[in-house]
Structures are given as structure tokens and as C-alpha cells.
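Here's the letter readout for the chains.
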Amino acid sequence: QVELVESGGGSVQPGGSLRLSCAASDFVFNKSLMSWYRQAPGKERELVASITSNDGNTDYADSVKGRFTISRDNAKNTVNLQMNDLQPEDTAVYYCNAHRGRVYLAPIEYWGKGILVTVSS
């Protein structure tokens, strides 16, 4: 069973835009902090953006502030990442992540398989 499914990756030129989407099950999505991570070759995975389940507050890595926008559609159980003004440094495999805190229990975390974003001229 697949809990998180990413889509929307591809190749663009610098300055271009892409929109990533992540579809999740009700169980995973409803009370989870949803995030996008990315990992470039030879580098550690890093947090790109996140959005809370209760009030929709967002947070972004400094490197993408002003260019990327994360959003969630609770009716469709999807989280999106609109990426504008893409630069070669944004090239990476992007992963959808769901982090669910639980009362009395350790949190549960789910990961998508990842989707490639390539930015080159």
C-alpha cells in the first residue's frame, strides 16, 4: 500500500516553474504536518517547506523563501509545492513527508518515493 504519491516533477530552464503534488490517504494526511524535502547528489536530505494540519501555517528553508509556496487541499488530501524562479541549485530529488504527532505515543512518519526536479540551461 502506498501512502504518499508524488507527481509533477520534470526538467526546466533557470527561471522556470514547476508544481509538485503529493497525494495521501486520510489516515496519513488529516492530522499530519506535511513537508517537502529534497536531496541533491552527494548531499544530505534537507527540509524545503512544511505546512501544519490545524491552521495551515507554513515554514520555508531560507534558500527558497519568496520563490516556493507550499499549500494543502484537505478535501483532496493533497499537498502542493509551487516552485517559481527555479535555479540549478534547486536540482534534486524531492520527497513528500507526513509527520503525525500522537498523544502518549511516538510520532509516525511517512515518506514518498521521491520525484526528480532538474533545472539546467
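What you see is a predicted model, and the numbers here were worked out from it, not measured in a lab.

Parameters and conventions
Residues numbered from 1 in each chain as written. Predicted model: local features only at pLDDT ≥ 70, side-chain atom pairs only at ≥ 80, totals over all residues. Heavy atoms only, no water. Phe/Tyr/Trp six-rings, centres within 6.5 Å; stacked < 30°, edge-to-face > 60°. Lys NZ or Arg CZ within 6 Å of the ring centre and 35° of its normal. Disulfide = S-S within 2.5 Å. Helix = DSSP H or I, 4+ residues; strand = E, 2+ residues; numbered from the N terminus. Buried < 20%, exposed > 50% of the residue type's maximum accessible area, 1.4 Å probe, protein only. Patch = residues over 30% accessible without salt bridge, like charges linked within 9 Å, V, L, I, M, F, W, Y side chains within 5 Å. Areas by Shrake-Rupley, 256 points an atom, 1.4 Å probe, with all protein chains shown as cover. Salt bridge = Lys/Arg side-chain N within 4 Å of Asp/Glu carboxyl O. Pairing = 2+ DSSP bridges. Core = buried A, V, L, I, M, F, W, Y, C linked by side-chain atoms within 4.5 Å. Contact = heavy atoms within 4.5 Å.

(A) Molecular detail of the packing of aromatic side chains. This structure, assessed with the given rule, holds 2 aromatic pairs. Through a chain of ring-to-ring contacts, the aromatic side chains of Tyr37, Tyr95 and Trp111 assemble into a single cluster. In this structure, arginine 45 is placed above the aromatic ring of tyrosine 95, and the distance from its NZ or CZ to the ring centre is 3.7 Å. Above the ring of tryptophan 111, the side-chain terminus of arginine 45 is found at 4.7 Å from the ring centroid.

(B) Here's a closer look at the state of the cysteines. If you walk through the whole model with that rule in mind, you get 1 disulfide. Note on cysteine connectivity: cysteine 22 is disulfide-linked to cysteine 96, with sulfurs 2.1 Å apart. Looking along the S-S bond of the cysteine 22-cysteine 96 disulfide, the torsion reads about -85°, which is the left-handed sense. Here the residue cysteine 22 occupies a position in strand E3 (residues 18-24), and cysteine 96 occupies one in strand E9 (residues 92-100), the gap between them amounting to 74 residues. No difference in accessibility class separates cysteine 22 from cysteine 96, as the two residues are buried.

(C) View of a nonpolar patch on the surface. On the surface, Val103, Tyr104 and Leu105 cluster together to form a nonpolar patch covering roughly 430 Å² of accessible area. Mapped onto the fold, leucine 105 is located in the loop between E9 and strand E10 (108-111).

(D) Inspection of the pairing of E3 at higher detail. Burial along E3 is one-sided: the residues Leu18, Leu20, Cys22 and Ala24 are buried and none of Arg19, Ser21 and Ala23 is. As defined by bridge partners, strand E1 (residues 4-7) adjoins E3 across 4 bridges and the pair is classed as antiparallel. By the bridge assignment for E3, valine 5 is matched with alanine 23. In this structure, E3 lies alongside strand E8 (residues 78-83), joined through 6 bridges in antiparallel fashion. Its bridge partner being in E8, alanine 23 is matched across the sheet by threonine 78.

(E) Quick look at the nonpolar core. Formed by 31 residues in total, the largest nonpolar core has its most connected members in Leu4, Trp36, Val79, Leu81, Met83 and Tyr94. If you list the elements that add at least two residues to this core, you get E3, helix H1 (26-29), strand E4 (33-39), strand E5 (46-51), strand E7 (68-73), E8, E9 and strand E11 (115-119). Setting aside residues no more than four positions away along its own chain, valine 79 makes contact with Leu20, Ser21, Cys22, Phe29, Met34, Trp36, Ile51, Ile70, Ser71, Arg72 and Cys96.

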